[in-house]
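# Per-entry structural report
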Amino acid sequence: MLIDSHCHLDPTVFGGDSGVDDAVARARAAGVDRMITIGSGYGFESAGRALAVARRHPDILRASVGLHPHDAKLATDDNLAALYAMADAPEVVALGEMGLDFHYDSSPREEQRVVFREQLRAARARSLPVIIHDRESAGETLAILDEEAAWAGGVLYHCYTGDVAMMEEIVGRGGYVSIPGIVTFKNGDTMREVVARAPGDRILLETDSPFLTPIPFRGRRNEPAYVTYVAQKVAEVRGVDVAEMSEQAAANTRRFFRWD
Ligand SMILES: [Zn+2]
Ligand SMILES: [Zn+2]
């Protein structure tokens, strides 16, 4: 089994509903068995769009909903309430992506912190795992996860770009890391070192499509079908068979999201 644990199958990016359906069909043809589409990062409305996409493909898709740190400035009591109402839908397997992004600083940092903590509490109240986006927060993301006692509910660092030491902090707390197509890039040495050393029961695979297209398709829009190239490279780096690697990552994904 092969799973893309993190893609943004947003109709506004993939050319409408039919464009999304075509990308899903190409993923099936490429041997992708399941996908999790992330309703976060394309404005508050991306959550509802992700849920709708998951409902249209219930055999192969689930959704996560959240408010991305880029969009923290959009938070209001009303749209957070709407988000949490969506989180109660059976198609929703996690809250997020959420976290801190001090690279782009698209929202003021204090708003990012407040909205992140708020969503962690909502996830805990609903017993949902969380998908974390952390970029250049200098350890603050980890500190907030500790302070909010988030680890027991399930914490996944998606598109993990940190070093081995940070990875060990995460898995030491019971967390998971998800590996994107950067692992295929020429400048992906740090990620390949992480991949080589991460415990096999904590690795997930993702595309983060439409971005981070793996080699050999760089320059094109990324899509879930290309998770096959991520799986291949991760298997190569770990020195295992690609089928075995895909199976192990899929088992981790199913355990993390409680998707039997
Ligand atoms: Zn992200
Ligand atoms: Zn993402």
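Attention here is on the structure that accompanies the text. (Residues numbered from 1 in each chain as written. Chains lettered and ligands numbered in written order. Predicted model: local features only at pLDDT ≥ 70, side-chain atom pairs only at ≥ 80, totals over all residues.)

### Notes on the pairing of strand β3 (residues 61–65)
With respect to burial, β3 is a largely interior element, five of its five residues being buried. Side chains of β3 alternate between two faces, with Leu61, Ala63 and Val65 and Arg62 and Ser64 buried alike. Bridge count between strand β2 (residues 34–39) and β3: five bridges; the pairing is parallel. Residue pairing in the sheet places Thr37 in a bridge with Ala63 of β3. (Buried ≥ 20, exposed ≤ 12 C-beta atoms within 10 Å, placed from the backbone. Helix = DSSP H or I, 4+ residues; strand = E, 2+ residues; numbered from the N terminus. Pairing = 2+ DSSP bridges.)

### Brief notes about unusual backbone geometry
Along the chain, Gly96 connects to Glu97 via a cis peptide bond; the corresponding omega equals 10°. Residue position: Glu97 is located in strand β4 (residues 92–101). Residue Pro210 is reached from Ser209 by a cis peptide bond, and omega for that bond is 20°. Locating Pro210 in the fold gives a position in the loop between β8 (203–205) and α8 (227–238). Even without glycine at this site, Asp208 takes up a positive phi of about 55°. Within the fold, Asp208 resides in the loop between β8 and α8. Overall, the presence of 25 C-beta atoms within 10 Å leaves Asp208 in the buried class.

### A short note on the sheet that holds β4
Read across the sheet, eight strands follow the order β1-β2-β3-β4-β5-β6-β7-β8 without closing on themselves; strand pairing throughout is parallel. Pairing within the sheet leaves two strands with one partner each, and these edge strands are β1 (3–7) and β8. With direction set aside, neighbouring strand axes in the sheet form an average angle of 30°. Two elements, strand β5 (residues 130–135) and strand β6 (residues 155–157), share three bridges in a ladder whose sense is parallel. For Val130, the partnering residue across the bridge sits in β6 and is Val155. (Axes fitted to C-alpha atoms, helices over the stretch in contact; angles between N-to-C directions.)

### A few points about the pairing of β4
Across a regular strand the side chains alternate sides, sitting on one face of the sheet and then on the other. Counting buried residues in β4 gives ten out of ten residues, a clear majority hidden from the surface. With three bridges connecting them, β3 and β4 associate as parallel partners. Along β4, the bridge assignment pairs Ala63 with Val92. Bridging between β4 and β5 involves six bridges; their strand directions are parallel. Counted as the bridge partner of Gly96 is Ile131 from β5.

### What about the packing of helix α7 (residues 189–197) against α8?
Two elements in contact, α7 and α8, have axes whose closest approach is 8 Å; the angle formed by their N-to-C orientations is 65°. Taken together, the axis directions place α7 and α8 in an arrangement best described as roughly perpendicular. Crossing hand, α7 versus α8: right-handed. Contact residues: Arg192, Val195 and Ala196 in α7; Val234, Val237 and Arg238 in α8. Its residues assigned to classes, the contact of α7 with α8 comprises four nonpolar, no polar and two charged. (Parallel < 35°, antiparallel > 145°, perpendicular 65-115°, else oblique. Left-handed = near helix turned anticlockwise from the far one by under 90°. Contact = placed C-beta atoms within 7 Å. Nonpolar A, V, L, I, M, F, W, Y, C, P; charged D, E, K, R; others polar.)

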